[in-house]
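Fold and geometry: a report
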Amino acid sequence: MDDEDIEKVLFAYLKKKGFWQTERALQDEQIKLSSGSQAGTALSRSERGPALYNDGYSKLRSWAYSSLDLYKHELLRVLYPVFIHCFMDLVANGHMQDARTFFQTFREDHELLYLRDLQKLEGILSPSHLEEMELARSLRQSKVNIKLCEYSYNLLLQYLQKTQSFTMLEVINEHINFEVTSGQPVSISDDSEVMALVGSSRDIAKHVNQKEVRWGLLEDFEERLEKTLSDSEKAEGENKDNDVDDNKQKRSAEAGKQGISSKKLKKDKVVGAIGKGVRSETSTVSFAPRVKPELTLPIMPTEVEQSILDDLRNRVQVSSTALPSVNFYTFVNTHNGLNCTSISYDGSLVAGGFSDSSLKVWDMSKAGQLVKTASMQGDSESAQNDHLLGSDDGNRSYTLFQGHSGPVYSSSFCPTGEFLLSSSSDSTIRLWSTRLNANLVCYKGHNYPVWDIQFGPFGHYFVSASHDRTARIWSMDRIQPLRIMAGHLSDVDCVQWHANCNYIATGSSDKTVRLWDVQTGECVRIFIGHRSMVLSLAMSPDGRYMASGDEDGTIMMWDLSTGRCVSPLLGHSSCVWTLAFSCEGTVLASGSADRTVKLWDVTSSNKTTKMDENKGSSGNRLRLLKAFPTKSTPVYSLQFSRRNLLFAAGALSKSC
């Protein structure tokens, strides 16, 4: 028997005994020896001509597309990292014209999933750009981690051996790590989870995600409200019981006279018991653990607590069978000048930030007071929606706040609606009083545009996100930031407070979401999985789960305690600009540039989380409850009121 026959027998024996790890290790060693034995004939990277890259990739591409359908989607995952590294190798070797031709020839294969990255890489015009461009530098310094089943992995190795594609082999060995799994190929629906950059960033994420996150709710405030609310419900229950007893006597007397059965009384009791059971079952907040605040929280005024209690008493229970009502505020005639909207917690105030550096606030309690002037365009050719949203002073229907020197990109109301924050391209944050209609403070700290601003759940504290790659925590009474969170590799595009105020989450153009401890400023979670910039975040009311939406329209649900993705959600066809949880945490609302508001059943995902963790499954999906399409209005912001009414806002787009 020659060496080749011996190898076949050895591989057959290992496969029969199930020693697949030994088999794979032997195959890897064989490839290394094969490439080493060809060292005399194989050219060094700098000596290889462009034709070797072009021919090698073209043949690999043809082979992958002609593979069996069962394994094709796995093998196609290898093409994108090979493609970009072939392109960058050609650039590094000085073959600029050949690199451009190669890029344009094969880019169409990858535009569906990686359009944004391709647009950036297209700007590489010289070898120096490989070091100057952050994306290119990150790709060349890291490796891509790809999951393949054992059979797909063997097919790839056999192809590289038989065709002696040494150029492709070197690119794959240097830039790709394979995670080989036994059994059937990974589902094509899980493609978003099977390929990710590894190396320094992945190692850091694994280390960071081992830290403890205490995701519960604040013990003092929550317990005080629950006690007050339960006492109130008990008192109401006793009054109802007394009324029921009186009604029983009356009904029984009438039943004796009229022969009416007492079954209806029993039915009323059963219905009441079921109603209480549904209410307690749909709410996840009451089961959340309690934690202590790390920040010194402001004392909440008695009238504010009373208002919150009134809202809790009158809250409508939302679930998969009882969907919320949606109140949509549409801005018209904005002439593409509206950058952001925000809605107060009770929906009474609506704010809009504009490109002309202005901030406008509409008081919805005055929405019925139409402007008395004859002109339907308001003052200075203002938008028609100013009239539609009501009158402020007889001349215009809104309160105008001026002070920024650049476009306003974000705004946020405090929980009471008394204060309003705005952030701008002028790198400042401004605090406004909605009662005095005046600017109170200008906060300076960022060096570049501030993309997002969010008040904390209890007011006083707020957090900002900027183009300078940092997020900063502020308090209303200090003009300098209290904490600076640095770690993202690109713009921080969105921020969100945790329900207990002990953590904040940041979403970035580097396609990651991070969770930060507000006391130490330390990153305690890194969530990796998005394929484009993260534009929106939302925290569940119980503090355990977080939803994030990106530029491609993908939403991901994360478990903060484990750092894992509970359920990726593929539903929107464009950017997800806003997310919001219902007060019980049972329904997630999403708003998108595709001009729809969608409601998702969160409980269908969370109930099976523990089973999925035990099984190692990641195929769980959120269930779409309902989609609310608008005529032609992209959805800018969503806000659940404390009574579970869903408010939404957006600008009418004439280009639709």
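Going by what an unreviewed UniProt entry lists, the chain is known as Transcription initiation factor TFIID subunit 5 and is assigned to Platanthera zijinensis. Its UniProt record, at the heading Subcellular location (unreviewed entry), says of the chain: "Nucleus".

**Section: the overall build of the chain**
Within the chain, the regular secondary structure consists of 19 helices and 32 strands. Long-range pairs, those at least 24 residues apart, make up 58% of the contacts in the chain with a sequence separation of at least 6. Counting only carbon and sulfur atoms, one obtains 50% of the accessible surface of the chain, whose full area is about 31300 Å².

**Looking at the packing of helix H5 (residues 79-92) against helix H11 (residues 166-175)**
One way to put it is that H5 packs onto H11 with a least axis distance of 10 Å and a crossing angle of 105°. If you check the angle between H5 and H11, you find them roughly perpendicular. Seen from H5, the contacting residues are Val-82, His-85, Cys-86 and Asp-89; seen from H11, they are Met-168, Val-171, Ile-172 and His-175. Classifying every residue of the contact of H5 with H11 gives 5 nonpolar, 2 polar and 1 charged.

**Structural notes on the sheet that holds strand E9 (residues 358-363)**
Strand order in the open sheet formed by 4 strands is E7-E8-E9-E10, with antiparallel pairing between adjacent strands. Strand pairing shows two members of the sheet lacking a second neighbour, strand E7 (338-343) and strand E10 (399-402), which therefore form its edges. Averaged over all pairs of adjacent strands, the angle between their axes in this sheet comes to 20°, without regard to strand direction. Sheet topology note: the E9/E10 ladder contains 4 bridges and is antiparallel.

**A closer look at the environment of Asp-452**
Along the polypeptide, Asp-452 turns up in strand E15 (residues 450-455). Asp-452 gets classed as buried once you look at its relative accessible area, which sits at 10%. In sequence terms Asp-452 and Cys-494 are 42 residues apart; their C-alpha atoms lie 5.4 Å from each other. Within the structure, Asp-452 has its side chain in polar contact with the side chain of Ser-410 (distance 2.9 Å).

**Observations regarding the pairing of strand E8 (residues 349-354)**
Extensive coverage of E8 is indicated by the burial of 6 of its 6 residues. Across the two faces of E8 the burial is the same, with Leu-349, Ala-351 and Gly-353 and Val-350, Gly-352 and Phe-354 all buried. Relative to E8, E7 runs antiparallel, the two being bridged by 5 bridges. The residue bridging Cys-340 from the neighbouring strand is Gly-353, located in E8. Hairpin remark: E7 followed by E8, antiparallel, with 5 residues in the connecting loop; positive phi at Gly-347, about 80°. As paired elements, E8 and E9 share 5 bridges and run antiparallel to each other. The partner of Gly-352 across the bridge, within E9, is Lys-360. The hairpin formed by E8 and E9 contains 3 residues between the paired strands, and Ser-357 there has a positive phi angle of roughly 75°.

**Considering helix H7 (residues 111-121)**
Considered for burial, the residues of H7 that qualify are Tyr-114, Asp-117, Leu-118 and Leu-121. An end-on view of H7 places all buried positions within 110° of arc, on one side of the element.

**Comments concerning empty space enclosed by the protein**
Considering all chains together, one arrives at 1 cavity of 30 Å³ or more under this definition. The calculated volume of the largest cavity comes to roughly 30 Å³. Classifying every residue of the lining of the largest cavity gives 7 nonpolar, 2 polar and no charged.

**Focus on the sheet that holds strand E23 (residues 534-539)**
Overall, antiparallel pairing links the 4 strands, which are arranged E23-E24-E25-E26 in an open sheet. Edge strands, defined here as strands with exactly one partner in the open sheet, are E23 and strand E26 (564-570). Adjacent strand axes in the sheet meet at a mean angle of 20° when their direction is disregarded. Summarising the sheet, strand E25 (residues 554-559) and E26 pair through 6 bridges and their orientation is antiparallel. Bridge pairing links Trp-558 to Cys-565 in E26.

**What about unusual backbone geometry?**
Leaving glycine aside, a negative phi is the common case for residues, and trans is the common case for peptide bonds. For Asn-437, which is not glycine, the phi dihedral falls at a positive 55°. As for its placement among the helices and strands, Asn-437 is situated in the loop between strand E13 (428-433) and strand E14 (438-444). For Asn-437, a relative accessible area of 40% translates into the label partly exposed. A positive phi angle, near 65°, is found at His-460, a position not held by glycine. Of note, His-460 is situated in the loop between E15 and strand E16 (461-466). Given a relative accessible area of 23%, His-460 falls into the partly exposed group.

**Observations regarding the environment of Thr-334**
Summarising the element assignment, Thr-334 is placed in the loop between strand E6 (326-331) and E7. Thr-334 sits in the buried class, given a relative accessible area of 10%.

**Looking at the confidence of the model for the chain**
Summing up the model confidence of the chain, the mean pLDDT is 77 and the portion of residues at 70 or higher is 74%. Note that residues 188-200 has pLDDT below 50 and, in this model, 43 contacts with residues that lie over four places away or in other chains.

**As for the pairing of E25**
Regular strands place side chains that alternate from one sheet face to the opposite one. For E25, a buried count of 6 out of 6 residues is recorded, marking the element as mostly surrounded by other parts of the structure. Neither face of E25 is exposed, since Thr-554, Met-556 and Trp-558 on one face and Ile-555, Met-557 and Asp-559 on the opposite face are all buried. Taking the residues between adjacent antiparallel strands as the criterion, strand E24 (residues 545-550) and E25 are bridged by 3 residues, where Gly-553 takes a positive phi near 100°. A loop of 4 residues connects E25 with E26, the two strands running antiparallel in sequence, and Gly-563 in this loop sits at a positive phi of about 80°.

**Digging into the packing of helix H3 (residues 50-65) against helix H6 (residues 96-106)**
One can describe the packing of H3 onto H6 by two numbers: an axis separation of 10 Å at closest approach and a directional angle of 10°. Relative to H6, H3 is oriented roughly parallel. Packed against H3, whose contacting residues are Pro-50, Tyr-53, Asn-54, Tyr-57, Ser-58 and Arg-61, the element H6 presents Asp-98, Phe-102 and Phe-106 at the interface. Class assignment for the residues of the contact of H3 with H6 results in 5 nonpolar, 2 polar and 2 charged.

Definitions and limits used
Residues numbered from 1 in each chain as written. Predicted model: local features only at pLDDT ≥ 70, side-chain atom pairs only at ≥ 80, totals over all residues. Heavy atoms only, no water. UniProt positions renumbered as here; feature names shortened; annotations may be inferred. Helix = DSSP H or I, 4+ residues; strand = E, 2+ residues; numbered from the N terminus. Contact = heavy atoms within 4.5 Å. Areas by Shrake-Rupley, 256 points an atom, 1.4 Å probe, with all protein chains shown as cover. Axes fitted to C-alpha atoms, helices over the stretch in contact; angles between N-to-C directions. Parallel < 35°, antiparallel > 145°, perpendicular 65-115°, else oblique. Nonpolar A, V, L, I, M, F, W, Y, C, P; charged D, E, K, R; others polar. Pairing = 2+ DSSP bridges. Buried < 20%, exposed > 50% of the residue type's maximum accessible area, 1.4 Å probe, protein only. Polar contact = N/O pair within 3.5 Å; in protein donor to acceptor, adjacent residues only side chain to side chain. Arc of directions from axis to C-beta. 1 Å grid on protein atoms, 1.4 Å probe; cavity = no way out; pocket = protein on both sides within 12 Å on 5 of 7 lines; lining within 4 Å. Points joined across faces, edges and corners; volume = space filled by probe spheres on them. pLDDT = per-residue confidence, 0-100.

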